[in-house]
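Chain by chain, the residues run as shown.
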Amino acid sequence: MGHLQNRNIIIGVTGGIAAYKIAETIRLLRRAGASVRVIMSRGAQAFMTPLTLQSLSGHPVHTDLLDETAEMGMGHIELARWADAYLIAPATADTLARLAMGRADDLLTTTALATPAPLFVAPAMNQQMWASQATTANMKLLLDRGVHVIGPESGEQACGDIGAGRLSEPSDIYAAIDAFFPTGKLAGKKVIITAGPTLEPIDPVRFISNHSSGKMGFALAQAAAEAGADTVLICGPVTLETPAGVTRIDIRTAAEMLDACRLYSATPVDLFIGSAAVADYRPQTAAEQKIKKGGASITMELVRNPDIIGEMAQMNPRPAVVVGFAAETEDLVDHAQAKRLAKQLDVIVANDVSRVDIGFNSDANAVTWIDESGAETIAMTTKNNLAKIVIERCAGLLGSSADLEFSGREGAGS
Ligand code: C5P
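Note that the coordinates shown come from a computational prediction; the quantities given were computed from them, not determined experimentally.

Reading the values: the criteria
Residues numbered from 1 in each chain as written. Predicted model: local features only at pLDDT ≥ 70, side-chain atom pairs only at ≥ 80, totals over all residues. Heavy atoms only, no water. Near = heavy atom within 4 Å. Polar contact = N/O pair within 3.5 Å; in protein donor to acceptor, adjacent residues only side chain to side chain. 1 Å grid on protein atoms, 1.4 Å probe; cavity = no way out; pocket = protein on both sides within 12 Å on 5 of 7 lines; lining within 4 Å. Sits in = over half its atoms within 2 Å of the grid points. Helix = DSSP H or I, 4+ residues; strand = E, 2+ residues; numbered from the N terminus. Nonpolar A, V, L, I, M, F, W, Y, C, P; charged D, E, K, R; others polar. Patch = residues over 30% accessible without salt bridge, like charges linked within 9 Å, V, L, I, M, F, W, Y side chains within 5 Å. Areas by Shrake-Rupley, 256 points an atom, 1.4 Å probe, with all protein chains shown as cover. Salt bridge = Lys/Arg side-chain N within 4 Å of Asp/Glu carboxyl O. Phe/Tyr/Trp six-rings, centres within 6.5 Å; stacked < 30°, edge-to-face > 60°. Buried < 20%, exposed > 50% of the residue type's maximum accessible area, 1.4 Å probe, protein only. Lys NZ or Arg CZ within 6 Å of the ring centre and 35° of its normal. Core = buried A, V, L, I, M, F, W, Y, C linked by side-chain atoms within 4.5 Å. Contact = heavy atoms within 4.5 Å. Points joined across faces, edges and corners; volume = space filled by probe spheres on them. Domains from an automatic or database assignment. Axes fitted to C-alpha atoms, helices over the stretch in contact; angles between N-to-C directions. Parallel < 35°, antiparallel > 145°, perpendicular 65-115°, else oblique. Left-handed = near helix turned anticlockwise from the far one by under 90°.

## So, the site of the ligand
- In the region of the ligand, the neighbouring residues are Gly274, Ser275, Ala276, Val278, Pro306, Asp307, Ile308, Ile309, Gly324, Phe325, Lys339 and Lys343.
- Within the backbone of alanine 276, one N or O atom sits 2.7 Å away from an oxygen atom of the ligand.
- Interatomic distance of 2.4 Å between a side-chain N/O atom of lysine 339 and an oxygen atom of the ligand.
- Given that more than half its atoms are within 2 Å of the pocket grid, the ligand belongs to the second largest pocket.
- Elements supplying a minimum of two residues to the shell around the ligand: α12 (308-314), β16 (321-328) and α13 (332-343).
- Across the shell around the ligand, the residue classes tally to six nonpolar, three polar and three charged.

## Description of a nonpolar patch on the surface
- A contiguous nonpolar patch, built from Tyr281, Met300 and Leu302 and spanning about 280 Å² of accessible area, is present on the exposed surface.
- Inspection of the secondary structure puts methionine 300 in the loop between β14 (281-283) and β15 (302-304).

## Examining the packing of aromatic side chains
- Tallying each qualifying case throughout the model produces two aromatic pairs.
- Each ring, one from phenylalanine 120 and one from phenylalanine 180, has its centre 5.4 Å from the other, and the planes form 90°; the classification is edge-to-face. Here phenylalanine 180 lies in helix α9 (residues 170-180) and phenylalanine 120 lies in strand β4 (residues 119-123), a separation of 60 residues in the sequence.
- What makes phenylalanine 180 partly exposed here is its relative accessible area of 27%.
- On the numbers, 5.5 Å between centres and 90° between planes, the contact of phenylalanine 180 with phenylalanine 181 is edge-to-face.
- Judged by its relative accessible area of 4%, phenylalanine 181 falls in the buried class.
- An aromatic cluster is present here, built from Phe120, Phe180 and Phe181 joined pairwise through their rings.
- The ring of tryptophan 82 carries the charged tip of arginine 37 above its face, separated from the ring centre by 5.6 Å.
- For the cation-ring pair, arginine 393 lies above tryptophan 369, with the distance from its terminal atom to the ring centre recorded as 4.9 Å.

## Thoughts on the nonpolar core
- The biggest cluster of nonpolar side chains holds 35 residues, and the ones touching the most others in it are Leu186, Ile193, Leu220, Leu271, Val323 and Ile391.
- Of all the elements, helix α10 (residues 215-226) adds the most residues to this core, at eight residues.
- Beyond its immediate stretch of four places on either side in the chain, leucine 271 contacts Lys190, Val191, Ile192, Val321, Val323, Ile391, Cys394 and Leu398.
- Ile9, Val13, Leu53 and Ala85 belong to the second largest nonpolar core, which has 32 residues in total.

## Quick word on the layout of surface pockets
- A volume near 1800 Å³ is recorded for the largest pocket.
- Surrounding the largest pocket, 37 residues form its lining, Leu143, His148, Val149, Gln222 and Asn384 being those nearest its centre.
- Elements supplying a minimum of two residues to the lining of the largest pocket: α8 (133-144), β5 (148-149), β6 (153-156), α9, α10 and α14 (383-401).
- Counting residues per element, the lining of the largest pocket draws most heavily on α10, which supplies seven residues.
- Of the residues contributing to the lining of the largest pocket, the split by class is 18 nonpolar, ten polar and nine charged.
- Formed jointly, the lining of the largest pocket draws a minimum of three residues from each of two domains, domain 1 (8-180) and domain 2 (190-286 + 299-403).
- The space that makes up the second largest pocket amounts to roughly 890 Å³.
- For the second largest pocket, the lining is made up of 39 residues, of which Ala276, Ala277, Val278, Phe325 and Ala327 are closest to its centre.
- Of all the secondary-structure elements, those providing two or more residues to the lining of the second largest pocket are β8 (190-195), α10, β13 (271-274), α12, β16, α13 and β17 (347-352).
- Ranked by residue count, the leading element in the lining of the second largest pocket is β16, at four residues.
- Partitioned by chemical class, the residues of the lining of the second largest pocket number 17 nonpolar, 15 polar and seven charged.

## A few points about the packing of helix α5 (residues 93-101) against α8
- Where α5 contacts α8, the axes come no closer than 9 Å and their chain directions differ by 50°. Classified by the interaxial angle, the pair formed by α5 and α8 is oblique. In terms of crossing hand, the pair formed by α5 and α8 is left-handed. Along its contact with α5, which presents Ala93, Leu96, Ala97, Leu99 and Ala100, the element α8 presents Thr135, Asn138, Met139, Leu141 and Leu142.

Limitation: the analysis is restricted to geometry and does not speak to function.
Next up, the structure:
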């Protein structure tokens, strides 16, 4: 991947039992080519010695705001300016409160104010403390200010409680930082992604729709933009923030989604990803007035909606790579492979929606990547990580299809 090569990361460690996980986090970041400097709060030093983290980071650990020796090496303002990212992990409830208040009474919080780098916090605390109104309000303040939050995870806690508040695993903390830095692998590429449900009106107040949250498509758009792509996200009604650097087009019906896809394909598209849950049918006509209650039953004529991704895959010039998503409840691979061939897609990413822990509204997803060479399972991970993996793979396909240009290319499924 190499996103972290030559990146400068400060890790602020505060006083929590989970501080030990930072040793592994430092190792992962350094192995990826990042330089790491560590700041430890007084509380953190009760759980771990600065010497341990000095050996792992390869640099003296910073502990005091007013430390003459440290200031002679790299002063705190210089340290703050040096950073490409500042990660505070574990971030205790007290640290989150002090960050929310903008306190600057120790090196760790002063650096958070003094650095222009993005701030990441990985909270860790007792589940009751995490759920408290005060912590919730502090988190809201931090999120509103653009602080990136990693975790916390749910599970058994050091204190014996069970609930949310466990520090994320080092590999997840690493992945979140890594994902932040663009790979540049899609620089100069044009990507269109569809997301969310479509909404097909029955009358002015009623509609046919589905439960798609749009999370997968938004995560894909974020990953594409982070990889440097010119990214257009065409989405049905969802309540999600637009990822930075993404052009978002809001539509309601499948017909509007198709129109928008055509409009934004006026210049050749490198990668088209259909992650929208497009309604298969719509009412033949939407009543102009609200339909009144009458007899015991009512009949409505439904007509097929256009297959948006199918049309994109047959467009001339065709996007170099077309990727669909398929939600299946049985015979996952066979059904998805058949769909891939029928729609002439290069890849179909299939997920088993009969499982309640993944898919639709959840934040996690486990999928099977199906292309002309067969099926490969991608292990369960967060939708954000999965999006990164899918985008990374698509960038690989684009690299190998670059010499095909856009013309005369048949669907990979044909
Ligand atoms: O046919 P099915 O809905 O299972 O196919 C899923 C794939 O096709 C998804 O990528 C979805 O976004 C796309 N699709 C579409 N237009 C439709 C129906 C599905 O683009 N009308």
